[in-house]
Amino acid sequence: MTILDLDNFETDFWKDVDKRKTWDQIIPGELRDTRPVTLTKEVIARYAEGVGEDNPIYFDEAYARTTPYGGIIAPPSIHILLMFACTTTEDWMRSPGTINAGQNWSYHNPIRPGDTITMRGTALDRFIKKDRLFAVHENTFTNQHGQIVCTGRGQTIRPN
Amino acid sequence: MTAQLQFDQIQTGEVITGRPFTVTRESIQAFADASLDYNPLHFDDKYMENTFGKTSFDGVIMHGMQNFALISRTLTDWLLPKGGFHRRLETRWLKPVQLGHTITTKATLTQKKQTDKGFWVQFDIEVTNHLGGLVAAGNAMAEFLDVIPGKPE
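Residues numbered from 1 in each chain as written. Chains lettered and ligands numbered in written order. Predicted model: local features only at pLDDT ≥ 70, side-chain atom pairs only at ≥ 80, totals over all residues.

> Talk me through the overall build of chain A; I want residue IDs and the actual numbers.
Broken down by element type, chain A carries three helices and five strands. Since a compact globule built from 160 residues should have a radius of gyration of about 15 Å, the 17 Å found for chain A is in line with a globular shape. In terms of its C-alpha atoms, chain A occupies a principal-axis envelope of roughly 55 × 30 × 30 Å. Expressed as a percentage of the 160 residues in chain A, the buried residues total 39%. At a minimum sequence separation of 6, the contacts of chain A that also span at least 24 residues come to 71%. (Helix = DSSP H or I, 4+ residues; strand = E, 2+ residues; numbered from the N terminus. Rg over C-alpha atoms; globule rule 2.2 N^0.38 Å. Buried ≥ 20, exposed ≤ 12 C-beta atoms within 10 Å, placed from the backbone. Contact = placed C-beta atoms within 7 Å.)

> So what about the overall build of chain B? Which residues, and what values?
Counting secondary structure elements, chain B contains three helices and eight strands. Each helix (α) and strand (β) of chain B, taken in turn from the N terminus, gives the series α-β-β-α-β-β-α-β-β-β-β. On the principal axes, the C-alpha backbone points of chain B span a range of 55 × 35 × 25 Å. Each of the 153 residues in chain B was classed as buried or not, and the buried ones make up 39%.

> An account of helix α2 (residues 25–35) of chain B is needed here, citing residue identities and associated values.
Among the residues of α2(B), those classed as buried are I28(B), F31(B), A34(B) and S35(B). Down the axis, α2(B) shows its buried residues gathered within 130° of arc, on one side only. Counted as exposed and oriented over 90 degrees from the buried face of α2(B): R25(B) and E26(B). Buried-residue contacts for α2(B) involve α1 (41–50) and α3 (79–85) of chain A together with α3 (64–79) of chain B. Positive phi appears at L36(B), one or two residues downstream of α2(B), with a value of about 65°. (Arc of directions from axis to C-beta.)

> Outline the nonpolar core, supporting the account with residue identities and numerical values.
Judged by nonpolar contacts, the single largest core of 68 residues is most densely connected at Y47(A), L81(A), L82(A) and I117(A). Per-element tally for this core: the top contributor is α3(B), with seven residues. When near neighbours in sequence (up to four residues on either side) are disregarded, Y47(A) contacts A74(A), P75(A), I78(A), L81(A) and A34(B). (Core = buried A, V, L, I, M, F, W, Y, C linked by C-beta atoms within 7 Å.)

> Provide a residue-level description of the pairing of strand β2 (residues 99–107) of chain A, including the pertinent values.
Where β2(A) and strand β5 (residues 148–157) of chain A come together, eight bridges link them in antiparallel fashion. Counterpart to W105(A) in the pairing with β5(A) is G152(A). Relative to strand β5 (residues 84–93) of chain B, β2(A) is paired through five bridges, and the arrangement is antiparallel. Residue pairing across strands places N104(A) opposite E90(B), the latter belonging to β5(B). (Pairing = 2+ DSSP bridges.)

> Please provide a residue-by-residue account of the interface of chain A and chain B, values included.
Taken residue by residue, the interface counts 45 residues in chain A and 37 residues in chain B. Broken down by secondary-structure element, the contributors of at least two residues to the side of chain A that touches chain B are α1, α3, β2 and β4 (132–142) of chain A. Sorting elements by how many residues they give to the side of chain A that touches chain B places β2(A) first, with nine residues. Considering only residue class, the side of chain A that touches chain B consists of 22 nonpolar, 18 polar and five charged. (Nonpolar A, V, L, I, M, F, W, Y, C, P; charged D, E, K, R; others polar.)

> Account for the pairing of strand β7 (residues 119–129) of chain B, naming residues and giving values.
Residue and element names in this part refer to chain B. Taken together, the eleven bridges between strand β6 (residues 102–114) and β7 define a ladder with antiparallel strand orientation. Bridge pairing in β7 links T108 to D124. Following β6, the chain reverses through four residues before pairing antiparallel with β7. Where β7 meets strand β8 (residues 134–144), ten bridges bridge the pair, whose relative direction is antiparallel. Along β8, the bridge assignment pairs Q122 with M141. The antiparallel pairing of β7 with β8 creates a hairpin that spans four residues between the two strands, and G132 there sits at a positive phi of about 90°.

> Go over unusual backbone geometry with me, naming the residues and quoting the values.
Residue and element names in this part refer to chain A. Despite not being glycine, D16 has its phi angle at roughly 65°, a positive value. In this fold, D16 is placed in the segment before β1 (37–38). Residue classification places D16 among the partly exposed residues on the basis of 15 C-beta atoms within 10 Å.

> So, the environment of L31(A): which residues are in play, and what are the values?
All names here are of chain A. Structurally, L31 is set in the segment before β1. Under the C-beta neighbour-count criterion, L31 is labelled exposed, with 10 such atoms within 10 Å. With 90 residues separating them in the primary sequence, L31 and G121 have C-alpha atoms 5.7 Å apart.

> Mind laying out the environment of T22(A), listing which residues take part and the relevant values?
Residue and element names in this part refer to chain A. Within the secondary structure layout, T22 lies in the segment before β1. A count of 13 C-beta atoms within 10 Å places T22 in the partly exposed class. Taking the C-alpha atoms as reference points, T22 and R158, 136 residues apart in sequence, are found 7.7 Å from one another.

So yeah, pure geometry; function would need other evidence.
In structure tokens, the structure reads:
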């Protein structure tokens, strides 16, 4: 179990840029290299604060226990963080100039403090449209009980 | 209250307006620190003078996923007090959002649907900028259910 360390994350997205797959090298169906991370109450609270999620269900245990959720949960959109937390500096989603075109996500089990989340990510598809290079990625996040947390698909326009 | 009763109180046609959000360098930094997305598209003025294939921008742009998080918050702000569970969000980003722009989410409750096991509601999503331009569009689903999946014993 690796507790996600927000303070030592590599923020220079130019590092390892030459090791990342370009559009030409992306093989649909190929798995991305991922690693599980554990989300603490503090990580969830920092994410919530950073994206302006101020409902106390995300940080106040006493309040959260009174809700139908029975305790603190993470904001559903925390997969935005997990996409980077669970991948390496060589992952092509970090390539400078990666432009997000759209996303769809489904939510199943809420993430709770102490959960260890595993990401399975693939490049599902790639295509050229209106002279632009697109990749489609598909992700499944599961918790330590093997339960599906959320699944999602997105399209990015790849830098040339 | 049971999920059935909560569901029965929901009215289609309701329009939910999110909190307006203004993009600043500070808001971009805060979102990057929360999401760990440090793409230079959001920080580097010099880099943004490039063209990106067929696309060029007038300066740094807001993270697309900032928009996703704001839509998500608009939905959960409304759903959580009513007992609704946010189940799905689909978005398309139509226009870049730049420094100084103010964007607002509008979710319209379009349909209610009872399935064999669930009580579902559907939303149409639009995000507009301060000039009235549509920057994102999409749809969402929520469910009313008696027990939240994974609730502790």
